Amino acid sequence: MLKNYYKVAIRNILKYKLFSAINILGMTIGVTSCLMIILYVSNELSYDNFHPDADRIFQVGLNGKIGGQDIRVANTCPPMAAALVAEIPEVADATRIYQIYESVIRNGEIIFTEEKVFVVDSNFFQFFGYKLKAGDVTSVLNEPNTVVLTEPMAHKYFGDENPIGKLLIIGDENKTYKVTGLAENPPANSHFSYNFLVSSVSNERLKSDIWLNNFMYTYFKVQPNAAANQVEAKFIPLVEKYIGPELERFMGTTIKKMQESGGAYGYYATNVKDIHLHSTSQGDLEPGGNMMYVYFFSGIGLFIIIIACINFMNLSTARSAGRAKEVGLRKALGLLRGQMIGQFMAESILYSALAVVLALAACYYLLPFFNTLSGKELGMAVFQTPWFIAGIVALVFFIGIVSGSYPAFYLTSFSAVEVLKGKVRAGAKSKGIRSFLVVFQFGLSIFLIIFTVVVFQQIQYLQKKNLGIDKNNVMILDNTGRLGTNKEAFRNGLTELTGISKISYTNNTFPGVNNTTIFKTADSEQDHVMGVYYADYDHQDVLRFELKDGRYFSKDFASDSMAILLNEAAAKEFGFENPVGEEVLYNNGRQAFQKYKVIGVIKNFNFESFKEQVRPLSILLSQNDNNLLVRYDGDASTLIPKVENLWKQYAPNEPFQYSFLDENFDRLFRAEQRMGKLFSVFSSLAIFIACLGLFALAAFTTEQRTKEIGVRKSMGASVFSLSILLSKEFTKLVVIAFIPAAILAWYISDTWLNGFAYRVEINPIVFVLSGVAAIVIAWLTVSYQSIKAATANPVESLRYE
């Protein structure tokens, strides 16, 4: 029986080639899109699940309130890990991680600047689930001056040689390290990745016993029967025991006084599996994901598969009504209703199976493109898991049963006489279900159009928004300290190059600010938290920020060595009405608080993410820093070789490294850019699938109204009037779909935009244009069938049925 079902199904597929092709194409696109989104979402939700004790591993974060500002960062101090193990019984183990940014790695003449270099404790591989290919996990980092590197790095520095036992020179201090281990690449779904792991035994910074010195990351593992909240409760005694004395020593205050003035200082724990999507900390090792985007893409995947299923049902309905006589004849010949239902279901499941098979093949070939678009490294391995295979089989039957339900149960419910008399054809004209499906499809499509446009408007706004500085045509040369005594000569050489207008040394890396610390006013003990960095006399000319009041540093004033500039937010933080001439206290870390005189107020400029308001910032004078900002005119491609040649003259054994200020700022919203591209792709696919369904419904409608069209044409109706008549019904449905879609799109768009301190206002024109676009798309889709029916010979139309 089943064999016969599928023989008939294949015969019908071959008989109605156009409808079969549209049917399978729509479902293939829908399933392909859904599978891609499943890969993306499952990857986002799988971060750090590979650690054997992931549920027991937690990262410590610092939260507090100082100077009226809330602080919540992932950074902690070096002595914390040992204290956790020694003083909290619920903690089974702890480990520390400290990143060395832009570290120079050398092996003879092979020299590169590496970003992913970390100092880690000796228990790193025992604590986490990262794998070694060579080396003993219990002792690989026990010795000082030892390093573990990943396979790609081993090939990069040693070629095909065995790296174990080889030597590398790491860092500006040119220390020699012995390679003691070879690590596998960290999984792509890890909250941070590394290339080099250096033993903490030989790192002086991690030997610090200062609890207020927060620059690294601490993780702890709870005992099997313990909970993180038990550990968090015991953070409070640690703060009183260690932070209290240091507040008195370094800041002249106590925990009690801090709390009485509205301040706070404490720690919290975040499970390692929550860091990527649910972290509330600033300063994570790597930028995390966004749970809202996971919800968005999950919703799009659901929308697309629903639209595809609706199409499948509509297309099946259109053909089933045309097969009414077939149903009647089969019944007249004695075929039971159950057998008829089986026939329709088998046909639908066959369509579904073909679509899913084609979708899997499409995923295989399109995955590299999707990885480029999403910035992921997704693989097909998940397709081989038992749960996925079971899900695919279930999907085939689900789609087949849903799409085949209408023809299977509705058409077979009539008697043979009723079917042969055409009662089914009359009943099939019921508009309720079809109208609802069209409204639902186009409602989702209009929502996707509106939200995609809003996303792109916000991205364009961020790219074009005036930062308050001129980010264009600024090259950044990091770590010019490697020039040694040739630093000034290099600077002088740059000034002689054609196209370079101004040069400035600073200790800051934009975007962001390297140091956030406490200031005071001369007549108050209140703490004020703000960012601070050093720059030279030409800094304003390079960044081109504006002064609201006062002046910038000048060589004409020797006293500027103890001068300071504040931005508007900092002046407001201090409560200064006339900031110029006021004095503030700052501890530069080398001596006690010193007085600095305010000589100017800078108009607020965005030095960090647009998701945050501009916070207080100050600039101090220095001329011996290592980050060089170069403002140039003309084309950067002609300038780069000149600067590189000059660098090689003064530092032939040092890597030349540069970036551009505008590109660095653009990276801040790269996630939004990727999301916008993905949304546009999936929205276009959803609209295309909806159009396939509309095309099918137009064919269905014109088929049902064939005789009416013939009568109208014989009475003198024009092609244009008949086309309008047939298109009017669908236009109404699209207009009805617009209302709920617009409301949902406004709510979702506004919720997303609220995550930015600087955002576009939602423009009603976007909604109007999206609705018009949907109507135009509907007209274009329906026009073919409408014109085809309107231009048909009325004699043939009147003979129909």
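Residues numbered from 1 in each chain as written. Predicted model: local features only at pLDDT ≥ 70, side-chain atom pairs only at ≥ 80, totals over all residues. Heavy atoms only, no water.

Enquirer: Go over the overall build of the protein chain, please, and point to the residues and values.
Expert: Regarding its fold elements, the protein chain presents 26 helices and 24 strands. Scored against the burial criterion, the 801 residues of the protein chain give a buried share of 54%. A sequence separation of at least 24 residues applies to 79% of the contacts in the protein chain between residues at least 6 apart. (Helix = DSSP H or I, 4+ residues; strand = E, 2+ residues; numbered from the N terminus. Buried < 20%, exposed > 50% of the residue type's maximum accessible area, 1.4 Å probe, protein only. Contact = heavy atoms within 4.5 Å.)

Enquirer: So what about the packing of helix 17 (residues 487–495) against helix 20 (residues 636–650)? Which residues, and what values?
Expert: For the pair helix 17 and helix 20, the least separation of the axes is 10 Å and the interaxial angle reads 155°. Considering their axes alone, helix 17 and helix 20 lie roughly antiparallel with respect to each other. Crossing of helix 17 against helix 20: the hand is right-handed. When helix 17 is examined against helix 20, the residues Ala489, Phe490, Gly493 and Leu494 are found in contact with a partner set consisting of Val643, Leu646, Trp647 and Tyr650. (Axes fitted to C-alpha atoms, helices over the stretch in contact; angles between N-to-C directions. Parallel < 35°, antiparallel > 145°, perpendicular 65-115°, else oblique. Left-handed = near helix turned anticlockwise from the far one by under 90°.)

Enquirer: Residues and numbers for the pairing of strand 10 (residues 175–183), please.
Expert: As judged from the two bridges shared by strand 7 (residues 132–134) and strand 10, these two strands associate in the antiparallel manner. For leucine 132, the partnering residue across the bridge sits in strand 10 and is alanine 183. Relative to strand 10, strand 8 (residues 146–150) runs parallel, the two sharing five bridges. Paired with leucine 149 across the bridge in strand 10 is leucine 182. Bridging between strand 9 (residues 167–170) and strand 10 involves four bridges; their strand directions are antiparallel. Looking at strand 10, one finds that isoleucine 170 is bridged to lysine 175. (Pairing = 2+ DSSP bridges.)

Enquirer: Explain the pattern of salt bridges residue by residue, including any values.
Expert: In total, this model carries 25 salt bridges according to the counting rule given. Between arginine 56 and aspartate 53 there is a salt bridge; the shortest N-O distance is 3.5 Å. For lysine 471, the salt bridge identified is with aspartate 666, shortest N-O distance 3.5 Å. Taken together, the residues lysine 471 in the loop between helix 16 (432–464) and strand 14 (474–477) and aspartate 666 in helix 21 (residues 661–666) connect sequence positions 195 residues apart. (Salt bridge = Lys/Arg side-chain N within 4 Å of Asp/Glu carboxyl O.)

Enquirer: With reference to specific residues and values, describe the confidence of the model for the protein chain.
Expert: Mean pLDDT over the protein chain works out to 83, with 87% of the residues at or above the 70 mark. The low-confidence segment residues 426–430 (pLDDT under 50) makes eight contacts with residues lying over four places distant or belonging to another chain. (pLDDT = per-residue confidence, 0-100.)

Enquirer: Now, about the side chain of arginine 96: what can you tell me, with residues and values included?
Expert: With respect to the helices, strands and loops of the structure, arginine 96 is situated in strand 3 (residues 91–100). Assessed through its relative accessible area of 13%, arginine 96 is described here as buried. Separated by 3.1 Å, the side chain of arginine 96 and the backbone oxygen of proline 78 make a polar contact. Reaching out from arginine 96, the side chain makes a polar contact with the backbone oxygen of leucine 206 at a distance of 3.0 Å. Setting aside its immediate chain neighbours within four residues, arginine 96 contacts Pro78, Ala81, Val119, Val120, Asp121, Ser200, Leu206, Met216, Tyr217 and Thr218. (Polar contact = N/O pair within 3.5 Å; in protein donor to acceptor, adjacent residues only side chain to side chain.)

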